[in-house]
Amino acid sequence: MGTEEGGLARFDPAAVEGANPWTVFGPEDGWLGSPVRALGTGRRQAVWVATDEGLFQLEGTAWTAYRTADGLAGNEVSSFLIEAGGEDLWVGTRYGTQSLELDSVTGFDAGDGLDSGVVQQIVSTNDGNAWFLIKDGEERRLSRFDGRQFDKLSTTDGLAGNEPSALFVDTDGTLLVADSNAPIAGSLAEGGGGGRPRFEVLEDSTPASALVRSGDGELWVGEDRGVRLVDDRNPAEHAQVEGVTKARAGPDGVLWFAGAEDVHRMEGGLITSFGVEAGLPVGELSAMEPLSGGSLLVVAGGKGAKLEGERFRPWPTSNPRLRQSVLHDLARDERGVTWLCLLYTSD
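Analysis parameters
Residues numbered from 1 in each chain as written. Predicted model: local features only at pLDDT ≥ 70, side-chain atom pairs only at ≥ 80, totals over all residues. Heavy atoms only, no water. Helix = DSSP H or I, 4+ residues; strand = E, 2+ residues; numbered from the N terminus. Buried < 20%, exposed > 50% of the residue type's maximum accessible area, 1.4 Å probe, protein only. Pairing = 2+ DSSP bridges. Axes fitted to C-alpha atoms, helices over the stretch in contact; angles between N-to-C directions. Phe/Tyr/Trp six-rings, centres within 6.5 Å; stacked < 30°, edge-to-face > 60°. Salt bridge = Lys/Arg side-chain N within 4 Å of Asp/Glu carboxyl O. Polar contact = N/O pair within 3.5 Å; in protein donor to acceptor, adjacent residues only side chain to side chain. Contact = heavy atoms within 4.5 Å. Patch = residues over 30% accessible without salt bridge, like charges linked within 9 Å, V, L, I, M, F, W, Y side chains within 5 Å. Areas by Shrake-Rupley, 256 points an atom, 1.4 Å probe, with all protein chains shown as cover. Lys, Arg positive; Asp, Glu negative; His and termini not counted. Charge placed at Lys NZ, Arg CZ, Asp CG, Glu CD. Core = buried A, V, L, I, M, F, W, Y, C linked by side-chain atoms within 4.5 Å. pLDDT = per-residue confidence, 0-100.

1. Quick notes on the overall build of the protein chain
When you go through the protein chain residue by residue, the secondary structure sums to one helix and 31 strands. Taking all 347 residues of the protein chain together, 50% fall into the buried category.

As structure tokens, this is what we get:
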């Protein structure tokens, strides 16, 4: 977990009994202590950390820093995507986006055809395309990079609206684009000649803010009125949970949805809601990570919590220093090690 003063920390559930499961990395380990904005894991258990002072990679105990001097358009990194191979990345900043290949950085901005604004989400599809959801003021736009050039996409390319709200790569590799004020659109397979991407509107779909597919293949939608199947016009009575903005699929078929103040678990067609009365920390939910057994890790209002049974408990609890820190994001790597990041530490 990243802090202004304390560094990065990881929690290893496989630690030897009696040993401290927490490992903290500080300035003496090469960490600069900048506030963390996002983190993710790549190959060889490497961890990537986006901060206000650049992008950092931790591999083993060695840090590698990437900043403007290395070709980044700006040191304030807002988002990044680790490609399927685990080594190449797309990095989003306030000033543009970069393709990072560890030994070189290629920068792109509005002059290269990328939409201007802050890169909020980056996804890649198995055809090699990278897609960027960008916010510029109150406007949101979608761009695509095919390895050669950027395309700015709109309704003329088949999108249903001009307010893209979320990107979701479906199980068949199709890119689904949710829109705040229009139906969902799906990308069409390109012909051998390449060219601009084309989209078609999903039949009977409506505006959405989050998308997730269940283990049995059903596409679920989160929106202001609640949760519903994509071809349903309205949420069922039991699924009328307001303001859903996030959706995740758990490892055991459980679907999770999050709104402004509550978390909702869908299992076997039933929805169970958890709010502050169930121990969920007060404040905006910034991250959630599904666990096996219908459990969940969340970060809300700067605090971490873990769902145990039907109630959230504060987490982590075993480290006094971490209990006093303000959390921002979390991620789990392929070994089940949990990484948390902080905006700062309070003494």
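That was the structure; now back to the text.
2. What to know about the sheet that holds strand β24 (residues 263-267)
Read across the sheet, four strands follow the order β22-β23-β24-β25 without closing on themselves; strand pairing throughout is antiparallel. Of all the strands in the sheet, the pair left with one neighbour each is β22 (246-249) and β25 (270-274). Ignoring which end each strand starts from, the neighbouring axes of this sheet average 20° apart. Of the pairings in the sheet, the one linking strand β23 (residues 255-258) to β24 comprises four bridges and is antiparallel in character. Residue pairing in the sheet places F257 in a bridge with H264 of β24.

3. Thoughts on the packing of aromatic side chains
Geometrically, a pair of aromatic rings is defined through the distance of the ring centres and the angle of the planes. The full count for this structure, using the stated rule, is four aromatic pairs. Seen from their ring centres, W131 and F199 are 5.9 Å apart, and the 75° between their planes marks the pair as edge-to-face. Of the two residues, W131 sits in strand β12 (residues 130-136) while F199 sits in strand β18 (residues 199-201), which places them 68 residues apart along the sequence. Looking at W131, the relative accessible area reads 2%, which means it is buried. Plain terms: the ring middles of F132 and F150 are 5.8 Å apart, the flat faces sit at 50° to each other, and that makes the pair tilted. Residue F132 is located in strand β12, and its partner F150 is located in strand β14 (residues 150-153); the two are separated by 18 residues in the primary sequence. Ring pairing ties together the aromatic residues F132, F145 and F150, which thus form one cluster.

4. Notes on the pattern of salt bridges
Counted under the stated rule, the structure contains 13 salt bridges. The shortest N-O distance in the salt bridge between D151 and R144 comes to 2.7 Å. This pair shows no difference in class: D151 is buried, exactly as R144 is. Taking relative accessible area as the criterion, D151 reaches 5% and is therefore assigned buried. What emerges from the salt-bridge pattern is a single network uniting R144, D146, R148, D151, D157 and R196.

5. Re the side chain of D170
Position of D170 relative to the elements: it lies in the loop between β15 (164-169) and β16 (175-179). Polar contacts involving the side chain of D170 include one to the side chain of R213, which spans 2.6 Å. Apart from the residues within four sequence positions on either side, D170 is in contact with L176 and R213.

6. Examining a negative patch on the surface
Where like charges cluster on the molecular surface, the negative patch consists of E203, D204, D216, E218, D231 and D232. One can find E203 in the loop between β18 and β19 (210-213). Taking relative accessible area as the criterion, E203 reaches 68% and is therefore assigned exposed.

7. Section: the nonpolar core
Counting 15 residues, the largest nonpolar core has W256, V263, L285, M288, L296, V298 and F312 as its most contacted members. Broken down by secondary-structure element, the contributors of at least two residues to this core are β23, β26 (285-290), β27 (296-300) and β28 (303-308). Here this core gets three residues from one element, more than from any other, and that element is β27. Beyond its immediate chain neighbours, meaning those up to four positions away, M288 contacts K246, A247, R248, W256, F257, A258, L296, L297, V298 and L330. Membership of the second largest hydrophobic core comes to 13 residues, among which are V212, A239, A247 and L255.

8. Examining the sheet that holds β16
As summarised here, the arrangement of the four strands in space is β15-β16-β17-β18, forming an open sheet in which the pairing is antiparallel. The open sheet is flanked by β15 and β18, the only strands paired with a single partner. With strand direction ignored, the average angle separating the axes of adjacent strands in the sheet is 25°. For strand β17 (residues 185-187) and β18, the ladder comprises three bridges, and the chain directions are antiparallel. Of the residues in β18, the one forming a bridge with A185 is V201.

9. With respect to the environment of A62
Structurally, A62 is set in strand β6 (residues 62-66). Separated by 16 residues in the primary sequence, A62 and A46 have C-alpha atoms spaced 9.8 Å apart.

10. Here we look at the confidence of the model for the protein chain
For the protein chain, mean pLDDT is 80; residues scoring 70 or higher make up 80% of the total. Averaged pLDDT values over the elements of the protein chain bottom out at 61 in strand β31 (residues 338-345) and peak at 96 in β16. Contacts for the low-pLDDT stretch residues 1-6, under 50 throughout, to residues beyond four places or in other chains number 36 contacts.

11. A word on unusual backbone geometry
Residue W315 is joined to P316 through a cis peptide bond whose omega torsion reads 0°. Along the chain, the position of P316 falls in the loop between β29 (311-314) and α1 (320-323). Backbone geometry at D204 places phi at a positive 70°, although glycine is not the residue there.

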